[in-house]
Every structure is written in C-alpha cells, then in structure tokens.
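What follows is the residue order along each chain.
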Protein chains: 4
Amino acid sequence: MINVGIVGAGGYTGLELVKMLLNHPRFRLNYLATTSGDIMVEELHPSLLDLITFPVEEADPELIADKCELVFLALPHKASMGLAKELIVRGVKIVDLSADYRLERETYEAAYCPHEDPEHLGEAVYGLIEYYRDEIRVARLVAGPGCYPTATLLGLLPFIPYIDTSAPIFIDAKSGVSGAGKKLSETSHFVTINDNIFAYNPLKHRHAPEIAEKIAKIHGAEISVNFVPHLIPATRGELVSVYATLKEEIDPQEVLEKAYDTERFIRLRHKPVDIKSVAGTHFCDIYAQRNGKALFISSAIDNLLRGAASQALAAANLMMGLDEGTALPVIAYVP
Amino acid sequence: MINVGIVGAGGYTGLELVKMLLNHPRFRLNYLATTSGDIMVEELHPSLLDLITFPVEEADPELIADKCELVFLALPHKASMGLAKELIVRGVKIVDLSADYRLERETYEAAYCPHEDPEHLGEAVYGLIEYYRDEIRVARLVAGPGCYPTATLLGLLPFIPYIDTSAPIFIDAKSGVSGAGKKLSETSHFVTINDNIFAYNPLKHRHAPEIAEKIAKIHGAEISVNFVPHLIPATRGELVSVYATLKEEIDPQEVLEKAYDTERFIRLRHKPVDIKSVAGTHFCDIYAQRNGKALFISSAIDNLLRGAASQALAAANLMMGLDEGTALPVIAYVP
Amino acid sequence: MINVGIVGAGGYTGLELVKMLLNHPRFRLNYLATTSGDIMVEELHPSLLDLITFPVEEADPELIADKCELVFLALPHKASMGLAKELIVRGVKIVDLSADYRLERETYEAAYCPHEDPEHLGEAVYGLIEYYRDEIRVARLVAGPGCYPTATLLGLLPFIPYIDTSAPIFIDAKSGVSGAGKKLSETSHFVTINDNIFAYNPLKHRHAPEIAEKIAKIHGAEISVNFVPHLIPATRGELVSVYATLKEEIDPQEVLEKAYDTERFIRLRHKPVDIKSVAGTHFCDIYAQRNGKALFISSAIDNLLRGAASQALAAANLMMGLDEGTALPVIAYVP
Amino acid sequence: MINVGIVGAGGYTGLELVKMLLNHPRFRLNYLATTSGDIMVEELHPSLLDLITFPVEEADPELIADKCELVFLALPHKASMGLAKELIVRGVKIVDLSADYRLERETYEAAYCPHEDPEHLGEAVYGLIEYYRDEIRVARLVAGPGCYPTATLLGLLPFIPYIDTSAPIFIDAKSGVSGAGKKLSETSHFVTINDNIFAYNPLKHRHAPEIAEKIAKIHGAEISVNFVPHLIPATRGELVSVYATLKEEIDPQEVLEKAYDTERFIRLRHKPVDIKSVAGTHFCDIYAQRNGKALFISSAIDNLLRGAASQALAAANLMMGLDEGTALPVIAYVP
C-alpha cells in the first residue's frame, strides 16, 4: 500500500478525496490535516460516521514527510505554495489543487500575488489528464487545473485548429454553489441564490488567463478569451457553453470523435449535455453544434470531482504508476 | 371602466393577467375563458380564493365582442390567430401573447406553420413598448414579443450601431421553468431539472428568427443571431447574456444611459444583474461590460410579466389611452 | 399623512415593511435606521432601485420621536427593548417585531434573558390580530407574535375546547430559510440546506413557551406543547402541522368555520394547505381533518409577512385608527 | 456468478438497482425489462452511457426463468403479482418492490384491490432486514417494505414496549419528489413543488395500514397510527418524525442503542438527523428525544435506496447466501 495524505480535509474537495480513498485498492489514507486540526474526520463530515474514524491534525511538514509518499493539498492559493515547497524538498510527491502551480510565473503574479516558490514552479505539470498524461507520470508536483478551465479546455481544445483566432471566444459558464466552497458568504446564502442566477466577475475571473495560457501552450494560438461565470441554484456540477467563430464549416461531432476516441472518461453526446448526468463522477460530457461558422460547445463536469478531487486522484494514480482510473467514481447521482 | 377579457386564463400568464387586473383602476375584468371552461377562476387558481369569484367559460367570439372592448389572448400559437381573426372583425381590440402576429409572414411560416390570418398580420404592431410606443397607441392588434426576444432586444438594440455585424452574435439565455408553461413534460418534472441545467434547441429555437427580424427592422442590420436557451432550476425569471464584437471600444454604460435615460421600466445596473431583483415586476434590468472589442450584455426580466403578461398590459394601457404604467407591478418578490 | 419609521431596515422583515409602505395611502415612511446606518435604502436592497430613495441612519431615539408617530422595531431581542423603552417615554407608538414584549416576564426570562423594561412589559399587547383586535386599537406598544406561534395558534386555538388537554400536543413545523434571517450561518448556506431537511432545537425552541402561554391566557388551558421546527429548502413560507387528541369526534371544518367566519385574512381550505398559495400575502390558510379522536391541523403563512411584517402593519393600522387591511398584500407570488 | 434480472428497469428504483449491480461481485445482471421494452438501458438512462450496454425487453416469464435465478420486480402494485405468480412456479426467486406481498390479504384488499395471488401471499417475507433477517435467508419471495414504513418502523419499533398504546401515534413524514416516481403529474411539476411544501393524503395514505400491521405483528400492539406524508422540494431522501406518548420517562438514546448496537446499517445520531447524510446510501440514521412523556423520533433514509432498491438488494443477498451488505452503497452524495 502507498501511504497518502490530505491537507485541507475540511472543505468539499477534501471530503471528496476522503470518500474516494475509502475504496482505493492501493492508496492508504495515512494523514489528514486542516488549519485548526484537533478533530476526528467523522465529526468534521458527519456523513462519514461508521465509515472511517481518523484524527485530523494541524499540517506539519515533518510529519507529512514521515507518513506520506504523496499528499493532496486542498488549500487556498498562497497557503498551498507555502507548504508545498517544504514538502517537495522532503521528497513528498504533491498534487496541489490550488492555483499556485497552474500558471507561468508572470500570468500567476498578474492574477494572484507574488509567487513564493518559483524554484519548483517550473517543474510543476498541469494536471489536465488527457493532455498531459505522460508528463504527469513522471512528475513529482502536479497542479490540478481550475474547475472552469477543465470543462472549458476539454471542450474547446479539439476545435482550436478550426477556429478563427482573430475573433473573440466567449465562454459562458454556470456553476453550482459548491464551487464557491464551504466559506459563508452572502452569495452562497440560500435566500440569495435560490430561484436566482447571476454573472460574477464577468470578463475578469482568474480562470480566464488560465484558459488562455493553456490554449497558447498546447496550440500556439493567441486568442481573446472572454469568460463570464454564473452562479446557479444547484449544489454541484458545472456547465460551460463556449461560443467561437470557425474558419470553415467543419463537422463538430467528427472533430470531437477524432480527439477523444480512446478517452474513457470523456463522453461525447448527441444531445446537449446536462450536469446531473455527470454529478458524482469523473466524466466530462461534451456536445457541439454549429450554425454556419458560429460554433457552440457545451461541456459538463462535476466541479468537485473532475473539476478538482477526482482529477487530482487520477493524477496521483499516474504519478504512482497505477492505472489512471483506479477508484475514480463513474456512477452518477442521478436521479 | 373599460371592459376587458382574457382567453387562456388557465395558464401562468393568464393568472398573472388576472392578478394585475384585480388592482387596475380603469380595466374591469369582464370575461374569462379556457379551452374547457366551466369552472370558477378561484378553483382554477386556488391562490385567488377570497380575492375574486368569476366564471371561466369556453371561448366564444360573439360573447367576447359583447362583453369586451379589449381582450388578451394567452393561447398557444395557431389557436390564437384562429380566434383573433374572428374578434378583430367584430371590433374587439386584441393583445395577442402568442407568436402568431409577431413576425413577417415568411419568417413565421418558416418557423411555425402556415399563417391563417394574413389579412390582419400586416397591421399587427410588435409590442416591445420602448421601441413601438407610438404605433401601439393607435393599434387594434398588438403582438406581445416572446420572452427571450424581449430581454435580448432591450439589452442589445442600443448597441447595434457599434457592433461589427459581420461577426456572429451569441445569445446565451437562461430561463426559469415557468417559461415552459403549465403543461407536464419530462423536462419540467422536478427530478429532471432540480440541481440541473442544460441547453435546449441550441441554435434552433424559434425565438432566434424573431430577434434577427426585429434587429433588421429597427436598425437595418443583417446579423448572424446564434441563440442558445438553457433551462435552470428556478420558477420564474430569465437572464440573457449577449456576446458580440464591437467595431470600436465604446463605453457600454454610456450607450445604455443614452438609450434609456427616460425609460422608467428599464433599470441600468452597475453590477451584473440577477433575476430575483426583477421577479414579480415589469422591470428589465440591464448591465453591460467590455473587454477590448468583446462586448458582454446581461439583461434580466420576469419571463411571465415583462416577458408576457405585464408587457401585454402595458400595451393594452396604451391602446386604450391610459398611462402605460397603470397597474404594472414594480415591487420585486425579493427575498 | 401619519409619519412612521422602521428601525432594522436592513433585514428581510425590514424590507417587507418598506415594500408595503411604498403603497400605503395613510402612512408616510419618514425614518429608516440600521445598526450601521450611512447608506441609502436602495443600496441596501437593490430591488428597490427607482422605487424609493431614502437615507438609512443609525437609530437615534430623539430623532425618531421627532420624525415618527409610530415606529416598527425589526431588531433582535434585547436590542429591541433597549430602544423601545426610550421611545415609549417620548410618546412614540411602537410595533415591536422581536420577542421582547411577547411574553410574561417569567416566561421571557426563562427562555431569553433578564428583561430590561419590565415597566412597559405589562402594557404590551400581543399582536395576534384575530384574538387581540380591540386591545391593539388602544395600545401604544404591540408585540408582534413569533412566526411559528402565529401559524400554530391561528390553527389550534379554535380547537382547544375540544381537545383532551391531558394528552400532549405535537407541533411539527416547517419553515423556509428566510425565517432564519439574513445572517450568514452554516445552516443557511445553500449547500447545507438545498435538497435537505432537518429538525432543529426539537422540543426546545423558544416559540414553544410562547404558544403554551397564549393558549393558557386565551383558553385557560394548561397543555403539554411539544414543538419541533424543521428547516426546508424554500425561501419563504411556513407550514405548521399540529397533532392533538380530541375529547370527542367533532367536525373539524365546522369548528374552523364557526371561529373564522367573519375573518377576511384567514382562508379555510378543503384540501391540505401549501405555502405557495400564501407566500407574498397576509393570509393564513388553514385545513383540518380527523381520524377517530386524532386531530390533524395544517396551517400555512408567509413567515416574513403574516409571521412578521404584515401582521405588524395590521397592528399599526389598528393603532392609528385605520382599517386593519390597509396596504396588506393579498396577491400570492404564485406561480 | 448468480444471474439476476430486473423487471421495471425504466423507473428510478430500476435505475438504482442497475447502478448497484454494476459493482456486485456475485450477481450478474442478465435480464432487463420494461413494459415497452425494445431499447438499450443506456438510452433509457443516459447517465449509464459507457458504463453498460444492455438490451431492455418486454417482460416474459419464460425468458426470465431461463435467464435468472432471482429477479427484482420494480413494478406498480397489481402488475407485480400478475408476473410474480408466473415466476414463482417456474422456480425463480423474487424480491418484489411493490405493495403486492407486503400485507395480510385483508389489509391489502382494503387498501389496494382484490389480491390475485393469495396462494403465495402467505409465504412472502416482509423485507425489513433488521427484523426479518432469518426468514429472508430461506425465503423464495420477499416483499420490499414501503419507503415510509421502512423509516417509520426502524425508528419506532424499539420504543413500542415503552409507549402508551392507548394514545394516538402521529407520524409526520417528508419525502423528496423522486418518491412519487417518474410519472408526470401536476404535483411533481417543478413549478408546483419548488419553494413549496404540502401534506397529501393526510391520515389516509396506504402506508398507514402497513405500519400498523407490522407493529401489531412484531409487538402484538394495537395502536392508532396517524400518518401524514408531505412532499418537499428535494430530489431524494425521506425524513420521518414520529410523535408518541410514553408510559414512563425512559432514556431514548439508551433504547436505541440497545436495539441497534450490532446493526451496521443503522446509525444512531446525537443530533437531529438530516436527509443529505443518508442520500446515496443504505443507511438509516435515527435520533430520539423526549419532553416528559412526549417522545420525538426522527429517522432519515434515502427513499430510493433503503426505502426501495438497496433494501431489496440486501434481501437478495441474504436469499442467495451472500453477506447482507454486498454492494450496498454507504458513501453519501454529500455535499
């Protein structure tokens, strides 16, 4: 068995990681931490009662190095790199779910804050499995992609060669409230968002530079990425609608089939996708359609799983030489 | 008092019309009909108990002409024109909430079915109040705009002169379930749509030609309108996000202020709009923002009121020489 | 015009009071306060934009006395009596929406905290309109009942003479989340309560002694009141199910009809009541049924209106010699 | 491997059975039927795409007997016994999820319709695992309990010896909408139930005689069971609040601990239970509290799993000599 740990076990993605590790045949959960510590995990997450009993501690790099070969960091940005740099020098493999190692230093510092671990930033691999599988296998530090970039890039990347990159791309994303985390806020108050919908940070969300940078890296294309996220009254799930202008009138389904023929966690749909068919799973469902040269791509993921925890676990599986799909959830919560 | 009637009193928009007429100082509700008839309106809509007691009949053109100076037709398309042509020759003024008189014959027949009343189609006025006020005042037949076109056009029309019409416009709309009407369907089953979101009829919804035709009429601009509606787990309200490419880097707020300075039922917002602030009202809230030449417009309406019933009442007020705002609801259901 | 004010204008009930006063023919809104002050009411509640522009101040007893004949206190308990005692000596009439003047001193201090205004506590009238109408008319201090006691008592009181008071009464109440107020809490986080339901403070909620005390006062009956409130994933509305044991097999509908025959804001239903038919209104809908000697009473109110703001306004109307129903909302938000 | 089949694969419980069988180590899904047949299961339930591909047929007793050692009947009552009697004579073991074999003939015929298979009714075992485990092991026909009776009985049965059976018991149940099945109805229309709650069939629901009969059978106690189910705006999950009068002031937690100490799928809680902690699992969470002699019991289950499909699978496991918990889901969908 391979000993693994989770730092940031109190949040929603922390819980999802615990849940998946309960059934993992090769990873043994050997360490759990939150900022405050001093609680049992089944108290922190009452739904775990009778499934696991395990102490949650305050994060301690020495202890982590002692107890874990690999650790998942489910922490806010900034806190994450502070700990990661301590761990990597102690030989612990890391899957970081924050933004800290996702971007080039320049992009990162423009969107977030000064980077505190430039030394290891360069070696971090972007954990978008279908596009970085080989690099992940040999990485010691993987940066889990943002939830919006995951859904957007999986839908959009196959089309980049056919897109008129001089025209703006518009990304209209809709996320369930769990995407905003467990922290209390006026926005996540039931009375605010029930029966409601609104855009937030339109054209200014930090996931826009992440999307643009990755398109540029993978396809060498500079594109005007215009990203508008919306909050919807749902618990989990994320639907991303991408609008772009094509250079020619290609067959969208054909493009997708060619790109993802052999990918077992991407499902191509012949009807517009919905979030309930993926909630609870690692799947990304994709559909695309065209009106003349106007292209519409619709992709759906579970924001806490494919957009965070299960994508992190897939990376961890690869980093430890296991089958990518080990213990990944595939059965949706539907109905 | 002016006697008015409602045909199609059993649906959601029928109910909204009844509710507004309860407090109308000049219109007296003098006739109610549904296809089946033979019921009291307070049985049909139990929330009306103790507020009104009134029989609902089967629609009869003679009786309507006897009892009403003006009638609201809240019927499905096709059924509506069948009745309207009988009424107009009997001298009854009509506000039709269906699609039957909204479009040019050619556009209509391509999207719906053969038109059965071409004789009066030509004189019908499109009931988008802010743009057709003078024509409505002297009309005897007004066609209430679709809910999506209302929200889209009110947001988009002021920008048409500044938009690069050679680039596609993308409209990503999100509607509450009441927009699909009271009819039972798998889509409106609670289990289907709760905690879910999905696009339907993407790039093929019948409201797309309505939007395109009106832009062409008002601004003489031929534009590629790409319209993708989504269903969201909310009862009422509609949020429309429009994405377009500008010819130059104008100030979006300025454009909106210039267009709507004197309009009392349009509210310009300095933050992205939400549907709860307009649910229960005739208001259309609009916000716009730009990233280089990429334009984002966000508009919100109550689909059953501004998208149907209250817009119809505003037209009726104008047709009968009253103040446009008479009895229009302005106080939102918030919280 | 009669000048009135609201202290605590920032919360949900404060907003409901403002909304009703917008259309009140005899009350002029002349003063608004919150704890922090220094904001315009249309900023505090963006849905009010273009309907009212009015400054919100920090509460100041002198100023209130200057500007208002009557004031609504929509404050937490304790804060309320601190201010009320300052106002009453200055001749301002008060409708207090907190718990501070609802109970006998002993009951209050057992459930809440030491009472700071015992001097005026004795003269406060319990604002359950249908049962204290005459006393309210001549009161200068009215205590608005709790939302749960309102729905419970209106349903239960007519049956007390027929109930076996030696058997326990069980009250299973279900409230929308707005009942917990605007304050952020884990319980009102969308992710916690969406798709969920749970009891809170079972058998220990502070509204239980309020219910028991009022039954004792009105009917002289000492009863074991067992009250279990539940939170449900709805914004507004409260459904109360009362279970009691009858002394004899009476006809429940008859009992209700006799009690409420002339009450225009109580609607007796012949089918189980629902909260959507009352949301947005001052109505209390009631239904009752029996199985042998087991009695089931179901009553529904809008917790923010009949359970708080509109019941307070009804009291204020009576206190100022107006018709009780002035400006009370009666048209439900349905659908 | 043991070949099993499902008749009624199109409904929600049919889907849950398929989902659990995907991971069952000893049962092979070898037959699927619906009334219409002629479709692939992954078309019937699009969330199953890429997980399973399997034809759904019209139910045929011969074929079932050929292909299955055991079959789950997820059919409406009446349809179920029509098929069951054909299967049992062909040697197929049956877990019936309908009401057809749950009750004594007299009770059944009073609540439902004439019984068409009295011959086998007598040998059917009631599938409430914790109370009929030994009988289930040797049964060839098990009747899965109703969802409401399951949650009610698991909470209530341990208290029967301490309850004053001369006083009425009140059961206030709240169910998510999936409990009403996939069939379209006004009640399950999103607009009807969103933001709403109401009782249905109060004191007259068919699950009341089921509860009363089982209490009588297990404890020999005749009790007045007063059952009032409510519909809530949630997809899955069922919360049952039981109110009863005690003979003496016992310690409720102690009673529960004694009853369920060794039961691994019943979790005793020290705070009121909620449905999200059990949704997606076979667990029944229970909490109880007392006020003098007034007893409050709160139990929560997933209506589609413990209230139907997973309880059926547990029975099937026992009938085939396997560990009861094989393939039962235990990880909740939370958040």
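As a convention, each chain's residues are numbered from 1 in the sequence order in which they are written. Both sets of labels track the order of writing: A upward for chains, 1 upward for ligands. Restriction of local features to residues with pLDDT of at least 70 applies here, the model being predicted, together with a cutoff of 80 or more for giving and counting side-chain atom pairs; totals for whole chains, interfaces and linings are based on all residues. As a convention, hydrogens and water are excluded, and side-chain values are obtained from all of the structure's heavy atoms.

- Chain A is annotated in an unreviewed UniProt entry as N-acetyl-gamma-glutamyl-phosphate reductase from Nitratifractor salsuginis.
- As its UniProt record puts it under Pathway (unreviewed entry), chain A is described as follows: "Amino-acid biosynthesis; L-arginine biosynthesis; N(2)-acetyl-L-ornithine from L-glutamate: step 3/4."
- Taken directly from UniProt, the Function (unreviewed entry) text for chain A runs: "Catalyzes the NADPH-dependent reduction of N-acetyl-5-glutamyl phosphate to yield N-acetyl-L-glutamate 5-semialdehyde." UniProt positions are given in the numbering used here, feature names are shortened, and annotations may be inferred rather than shown by experiment.

### Points about the overall build of chain A
- Scanning chain A from N- to C-terminus turns up twelve helices and 15 strands.
- A radius of gyration in this sense is built from C-alpha atoms; the matching globule rule multiplies 2.2 Å by the number of residues raised to 0.38. The C-alpha atoms of chain A give 19 Å as radius of gyration, which agrees with the globular expectation for 335 residues (20 Å, within 12%).
- Taken along its principal axes, the extent of the C-alpha atoms in chain A is 60 × 45 × 35 Å.
- Out of the 335 residues in chain A, the part that is buried amounts to 66%.
- Here a residue-residue contact requires only that any non-hydrogen atoms of the pair lie within 4.5 Å. Of the contacts formed within chain A by residues at least 6 apart in sequence, a portion of 69% connects residues at least 24 apart.
- His is not counted, nor are the chain ends, whereas Lys and Arg count as positive and Asp and Glu as negative. Think of each charge as sitting on NZ of Lys, CZ of Arg, CG of Asp or CD of Glu. Of the charged side chains in chain A, 31 are positive and 44 negative, and the gap between their average positions amounts to 3 Å. Numbering of helices and strands starts at the N terminus; helices are DSSP runs of H or I of at least 4 residues and strands are runs of E of at least 2. Burial here depends on accessible area, computed with a 1.4 Å probe over protein chains only, as a share of the maximum for the residue type. Under 20% is buried, over 50% is exposed, and the range in between is partly exposed.

### Some thoughts on the relation of the copies chain A and chain B
- Copies overlap after least-squares fitting; the atoms used are the C-alpha atoms of residues with pLDDT of at least 70 in both. With an RMSD of 0.0 Å, the fit of chain A onto chain B corresponds to turning through 180° and sliding 0.0 Å along the axis. Both copies of the chain, as the preceding transformation shows, are related through a two-fold rotation axis. By C-alpha distance to the rotation axis, the residue of chain A lying nearest is P233(A), at 3.3 Å.
- Comparing interface residues between copies, 100% of those in chain A also sit at the interface in chain B, which points to an isologous, same-surface contact.

### A word on the side chain of S241(B)
- Mapped onto the secondary structure, S241(B) falls in strand β12 (residues 238–245).
- Among the residues examined, S241(B) registers a relative accessible area of 0% and is labelled buried.
- Polar contacts, as counted here, are pairs of nitrogen or oxygen atoms within 3.5 Å of one another; within protein the pair requires one atom able to donate a hydrogen and one able to accept it, and residues that are adjacent in sequence qualify only if both atoms are side-chain atoms. A polar contact of 3.4 Å, which involves the side chain of S241(B), links it to the side chain of D172(A).
- Among the polar contacts listed, one links the side chain of S241(B) to the side chain of H230(A), at a separation of 3.1 Å.

### Some remarks on the UniProt feature "domain: Semialdehyde dehydrogenase NAD-binding" (unreviewed entry) in chain A
- Here the UniProt feature "domain: Semialdehyde dehydrogenase NAD-binding" (unreviewed entry) sits at residues 3–139 of chain A.
- The distance separating the terminal C-alpha atoms of residues 3–139 of chain A is 18 Å; by composition the span is 37% helix and 21% strand.

### A word on the environment of I136(C)
Residue and element names in this part refer to chain C.
- Relative to the helices and strands, I136 is located in helix α7 (residues 129–137).
- You can call I136 buried: its relative accessible area is 0%.
- Taking the C-alpha atoms as reference points, I136 and N226, separated by 90 residues in sequence, lie 29 Å from one another.
- Look past the residues within four positions of I136 in its chain and what remains in contact with it is V125, Y126, G127, I129, V142, A315, L318 and M319.

### Focus: the relation of the copies chain C and chain B
- For these two chains of identical sequence, chain C goes onto chain B by a turn of 180° and a shift of 0.0 Å along the axis, with RMSD 0.0 Å.
- Both copies share a contact surface, since 100% of the interface residues of chain C are interface residues in chain B too.

### Focus on the interface of chain C and chain B
- With 30 residues of chain C at the contact, the number on the chain B side is 30 residues.
- Buried area is a sum: the accessible area each of two parts loses on coming together, probed at 1.4 Å, counted once for each and added. It is S47(C), I331(C) and P335(C) in chain C that bury the most area against chain B; as a group they hold 25% of the surface buried on that side.
- Salt bridges are defined as contacts in which a side-chain nitrogen from Lys or Arg sits within 4 Å of a carboxyl oxygen from Asp or Glu. Run the count over chain C and chain B and you get zero salt bridges.
- The tally of links from chain C across to chain B stands at 14 residue pairs in polar contact (both at pLDDT 80 or more).
- Looking at the side of chain C that touches chain B, the elements that each hand over two or more residues are α1 (12–21) and β13 (266–268) of chain C.
- Ranked by residues supplied to the side of chain C that touches chain B, first place goes to α1(C) with four residues.
- Each residue gets one label: Ala, Val, Leu, Ile, Met, Phe, Trp, Tyr, Cys and Pro are nonpolar, Asp, Glu, Lys and Arg are charged, and the others, such as Gly, are polar. Of the residues that constitute the side of chain C that touches chain B, the class distribution is 17 nonpolar, five polar and eight charged.

### Overview of the sheet that holds strand β7 (residues 125–126) of chain A
Residue and element names in this part refer to chain A.
- Sheet architecture is open: eight strands sit in the order β3-β4-β2-β1-β5-β6-β8-β7, paired in mixed fashion. Pairing within the sheet leaves two strands with one partner each, and these edge strands are β3 (39–40) and β7.
- Strand direction decides the pairing type here: strand β1 (residues 2–7) and strand β5 (residues 70–73), joined by four bridges, are parallel. Directly across from I6, in β5, lies its bridge partner F72. Strand pairing follows a simple DSSP-based rule, namely that at least 2 bridges must link the two strands.

### Examining the sheet that holds strand β13 (residues 266–268) of chain A
Residue and element names in this part refer to chain A.
- Strand order in this open sheet of seven strands is β10-β11-β9-β12-β15-β14-β13, and the pairing throughout is mixed. Strand pairing shows two members of the sheet lacking a second neighbour, β10 (198–199) and β13, which therefore form its edges.
- Pairing between strand β9 (residues 169–175) and strand β12 (residues 238–245): six bridges, direction antiparallel. Looking across to β12, one finds that F170 is bridged to Y243.

### Concerning helix α10 (residues 207–219) of chain B
All names here are of chain B.
- Here α10 spans 18 Å end to end across 13 residues, near enough to the 18 Å set by a 1.5 Å rise per residue.
- Among the residues making up α10, those that are buried are H207, A208, E210, I211, E213, K214 and I215.
- Against the buried residues of α10 lie α5 (105–111), β7 (125–126), α8 (147–156), β9 (169–175) and β11 (225–231).
- Note on α10: the residue one or two positions beyond its end, G220, has a positive phi of about 65°. Here, expected helix span is obtained from the residue count minus one, scaled by 1.5 Å.

### Remarks on the packing of α1(C) against helix α12 (residues 309–319) of chain C
Residue and element names in this part refer to chain C.
- Running from N to C, α1 and α12 point in directions that differ by 50°, and their axes come no closer than 9 Å. By the angle between their directions, the pair α1 and α12 is classed as oblique. The way α1 lies across α12 gives a crossing that is right-handed. Here α1 contributes T13, E16, L17, M20 and L21 to the contact with α12, which in turn contributes A309, S310 and L313.
- Looking at the contact of α1 with α12, its residues break down into five nonpolar, two polar and one charged. All axes are obtained by fitting lines to C-alpha atoms, using only the stretch in contact for helices, and the reported angles, taken between N-to-C directions, cover 0 to 180 degrees. In this scheme, roughly parallel covers angles under 35 degrees and roughly antiparallel covers those over 145, while 65 to 115 is roughly perpendicular and the rest are oblique. Two helices that cross are described as forming a left-handed crossing if the nearer one is turned anticlockwise from the farther one by less than a right angle, and a right-handed crossing if clockwise.

### A few points about a negative patch on the surface
Residue and element names in this part refer to chain A.
- A cluster of acidic side chains, namely D251, E254, E257 and D261, defines a negative patch on the protein surface.
- Note that E254 resides in helix α11 (residues 252–260).
- Classification of E254 as exposed rests on a relative accessible area of 55%. The residues that make up patches have over 30% relative accessible area and no salt bridge, and they are joined within 9 Å when like-charged or within 5 Å when they are Val, Leu, Ile, Met, Phe, Trp or Tyr. Here the open area of atoms and residues is found with the Shrake-Rupley method and a 1.4 Å probe, where only the protein chains shown may cover a residue.

### Observations concerning the packing of aromatic side chains
- Here is the rule: rings of Phe, Tyr and Trp (six-membered ring for Trp) pair when centre to centre is within 6.5 Å. Planes less than 30 degrees apart are stacked, more than 60 are edge-to-face, and the remainder are tilted. According to the stated counting rule, one finds 36 aromatic pairs over all chains in the structure shown.
- A ring pair is formed by F265(C) and F283(C), whose centres lie 6.3 Å apart and whose planes are at 50°; its orientation type is tilted. Taken together, the residues span a long stretch of sequence, with F265(C) in the loop between α11 (252–260) and β13 and F283(C) in the loop between β13 and β14 (284–291) at a distance of 18 residues. Assigned by exposure class, F265(C) and F283(C) land together as buried.
- Members of the aromatic cluster, joined through ring pairs, are F170(A), Y243(A), F296(A), F170(B), Y243(B) and F296(B).
- Lysine and arginine charges are scored as sitting over a ring when NZ or CZ, respectively, is within 6 Å of the ring centre and within 35 degrees of the ring normal. The residue whose ring lies beneath K214(A) is Y126(A), and the NZ or CZ to ring-centre distance is 4.3 Å.

### What about the interface of chain A and chain B?
- With 42 residues of chain A at the interface, the matching set in chain B holds 42 residues.
- Buried area between chain A and chain B, both sides added, is near 3400 Å², and the carbon and sulfur share of it is 63%.
- Viewed at the interface, chain B and chain A are joined by two salt bridges.
- Put simply, D172(A) and K174(B) hold a salt bridge, and the shortest N to O gap is 2.8 Å.
- The interface formed by chain A and chain B includes 25 residue pairs in polar contact (both at pLDDT 80 or more).

### Topic: unusual backbone geometry
- The linkage connecting V334(A) with the following residue, P335(A), adopts the cis geometry, with an omega of 0°.
- The residue P335(A) is located in the segment after α12 (309–319) in this model.
- For N201(B), which is not a glycine, the phi torsion comes out positive at approximately 45°.
- Along the chain, N201(B) falls in the loop between β10 (198–199) and α10.
- A positive phi is found at A327(B), a non-glycine position, where the angle reads about 65°.
- Topologically, A327(B) is positioned in the segment after α12 (309–319).
- Given a relative accessible area of 26%, A327(B) falls into the partly exposed group.

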